Amino acid sequence: MEENCVMNTYGRYDVTFEKGLGCKIYDSVGQEYMDFVSGVAVNCLGHSHPAIINAITTQSSKLMQSSNYYWNTPHKLLAKKLIDNCDHDKVFFCNSGTEAIEAALKIARKYGSLKNTKDKNVLIYMDESFHGRTMGSLSVTGQEKYQKDFRPLIGGTQKVKFNDVEELKKNFNDKVCAVIVEPIQGEGGINIATIEFLKAARDLCDKYDALLIFDEVQCGMGRLGSLFAYKKFSVIPDVICIAKALGGGFPIGATITNVKASAAFVPGDHGSTFGGNPLACAVGEAVLTELLDGGVIEKIDDKSAYMKERLLKIKEKYGVIDEIKGIGLLIGIKINADTKEFCKSCFDKKLLVIAAGNNVVRLLPPLNVTKGEIDEALDILERVISEI
Ligand SMILES: *Cc1c(COP(=O)(O)O)cnc(C)c1O
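Residues numbered from 1 in each chain as written. Predicted model: local features only at pLDDT ≥ 70, side-chain atom pairs only at ≥ 80, totals over all residues. Heavy atoms only, no water.

Q: How should I be thinking about the overall build of the chain in this particular structure?
A: Looking only at helices and strands, the chain has 13 helices and 17 strands in total. The C-alpha atoms of the chain give 21 Å as radius of gyration, which agrees with the globular expectation for 388 residues (21 Å, within 12%). Here the C-alpha coordinates of the chain stretch approximately 60 × 55 × 45 Å along the principal axes. When the 388 residues of the chain are sorted by exposure, 54% land in the buried category. Counting contacts in the chain only where the partners sit at least 6 residues apart, residues at least 24 apart contribute 71% of the total. Carbon together with sulfur atoms contributes 52% to the accessible area of the chain, which is approximately 17600 Å² in total. (Helix = DSSP H or I, 4+ residues; strand = E, 2+ residues; numbered from the N terminus. Rg over C-alpha atoms; globule rule 2.2 N^0.38 Å. Buried < 20%, exposed > 50% of the residue type's maximum accessible area, 1.4 Å probe, protein only. Contact = heavy atoms within 4.5 Å. Areas by Shrake-Rupley, 256 points an atom, 1.4 Å probe, with all protein chains shown as cover.)

Structure, rendered in structure tokens:
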């Protein structure tokens, strides 16, 4: 074995992946796995999708990077395509989820600074949330295990209990500049926000002139059966953060806002060297075209129902599953067994799944998964469950 020079930031499985095709991924000795992790909700079109390969090949032979001192066409096209499919007006591009959150937090702080209220800078965030690893997004990530060794975090934050309208009300005042919430907490365990809670957040933000930020990094880009997650909740946020699936495997993130929020930023307030580069944007455009015009999103509700029905049968048959959670193809199964061991047993039987929150196993297939592939994955899952 060669010396391992990779920093020790992940507990990794002892496997090296070399190639992938659709739902399948292959290791260095040629073994095939069913991939229901999808790079953690990233590979929305599966591996090696021809539309993505084509976008990378075509655009990389033209122009990959030209700097934000100039315009490039894919940048404008992707922004337009996103805006055409939501209720918002402007897009800022970056390279990852945590950066999309950073941009949103900075917009919120700038927005607050332009108001007459002194110290209008409080960011309200949720218990059990996950927004990323940089100092800003970590400061609004409501999980002690991620925050504990990195204090002091940024000030002016206030944590509230997820889905607790009363606590949200109690902590609201005119010092609040934004509320940040995931419509479905992914990392936190597939916890769905109630419409009542999101509506209350919307009303309070309006009442106290604060911005409502939805982190759709994991639940957006079609995973719930609509391009944007907020459409499933009948509440329109001021700011939406997306990333993961936007590039279908290529790094890109975006912060989308209405005019009220985007007006806070002027040249010099924020930037990113790679943000909006033509290559990433061309890939994002190809992914969106496939998701929307290729009919991928419209089939998700049906696949979701199919998957949940089979999971419910498995739940009834064995005593291992406590609850099936989630919307669309963001599905969590709450089990009364050790999730780490459970995921490892799936891995040993060549199915990739990951844990989330307390006792939840996440199923994140590519959005173009077939029912046959769902069956294949759930056959393995059922075998693992039957052996517990
Ligand atoms: C993954 C994730 C992030 C962070 O995205 P990175 O690209 O890893 O920085 C932020 N928010 C949510 C909800 C996520 O799932």
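Q: Looking at this model, I keep getting lost on the UniProt feature "modified residue: N6-(pyridoxal phosphate)lysine" (unreviewed entry) in the chain. Mind explaining?
A: When the UniProt feature table is mapped to this numbering, "modified residue: N6-(pyridoxal phosphate)lysine" (unreviewed entry) covers Lys244. For Lys244, the location among the structural elements is in the loop between strand 11 (239-242) and strand 12 (253-257). Owing to a relative accessible area of 23%, Lys244 belongs among the partly exposed residues under this scheme. What Lys244 contacts, discounting residues up to four positions off in sequence, is Val40, Ala41, Val42, Val217, Gln218 and Ile252. (UniProt positions renumbered as here; feature names shortened; annotations may be inferred.)

Q: Looking at this model, I keep getting lost on the sheet that holds strand 1 (residues 17-21). Mind explaining?
A: Whether parallel or antiparallel, the strands of a sheet pair through hydrogen bonds between backbone atoms. The strand order across the open sheet formed by four strands is 1-2-3-15, and the pairing between neighbours is mixed. Pairing within the sheet leaves two strands with one partner each, and these edge strands are strand 1 and strand 15 (351-352). Where strand 1 and strand 2 (residues 24-27) come together, four bridges link them in antiparallel fashion. The partner of Lys19 across the bridge, within strand 2, is Tyr26. (Pairing = 2+ DSSP bridges.)

Q: Sorry if this is basic, but what is going on with the packing of aromatic side chains here?
A: Given two aromatic rings, their pairing is described by the distance between the two centres and the angle made by the two planes. If you walk through the whole model with that rule in mind, you get seven aromatic pairs. Ring centres of Phe228 and Tyr230 lie 6.0 Å apart, and the angle between their planes is 35°; on these two criteria the pair is classed as tilted. Of the residues examined, Phe228 reaches a relative accessible area of 0% and is grouped as buried. Since its relative accessible area comes to 3%, Tyr230 is described here as buried. An aromatic cluster is present here, built from Tyr13, Phe17, Tyr33 and Phe347 joined pairwise through their rings. Between the NZ or CZ atom of Lys115 and the centre of the ring of Tyr111, over which it lies, the distance is 4.3 Å. (Phe/Tyr/Trp six-rings, centres within 6.5 Å; stacked < 30°, edge-to-face > 60°. Lys NZ or Arg CZ within 6 Å of the ring centre and 35° of its normal.)

Q: Before we go on, may I ask you to explain the domain arrangement of the chain in this structure?
A: In many reports, interface size means the accessible area that the parts give up when they come together. Looking at the chain, the domain boundaries give domain 1 (2-49 + 296-386) and domain 2 (52-292). Carbon and sulfur atoms supply 63% of the area buried between domain 1 and domain 2, which totals about 2400 Å² over both sides. Considering only the surface of domain 1 that becomes buried against domain 2, Ile297, Ile327 and Leu330 emerge as the three largest contributors, covering 27% of it. Across the domain 1-domain 2 interface, the total number found is two salt bridges. As a salt-bridge pair, Glu187 and Arg362 come within 3.8 Å of each other at their nearest N and O atoms. Run the count over domain 1 and domain 2 and you get eleven residue pairs in polar contact (both at pLDDT 80 or more). A per-class count over the side of domain 1 that touches domain 2 returns 18 nonpolar, seven polar and three charged. (Domains from an automatic or database assignment. Buried area = accessible area lost by both parts, 1.4 Å probe. Salt bridge = Lys/Arg side-chain N within 4 Å of Asp/Glu carboxyl O. Polar contact = N/O pair within 3.5 Å; in protein donor to acceptor, adjacent residues only side chain to side chain. Nonpolar A, V, L, I, M, F, W, Y, C, P; charged D, E, K, R; others polar.)

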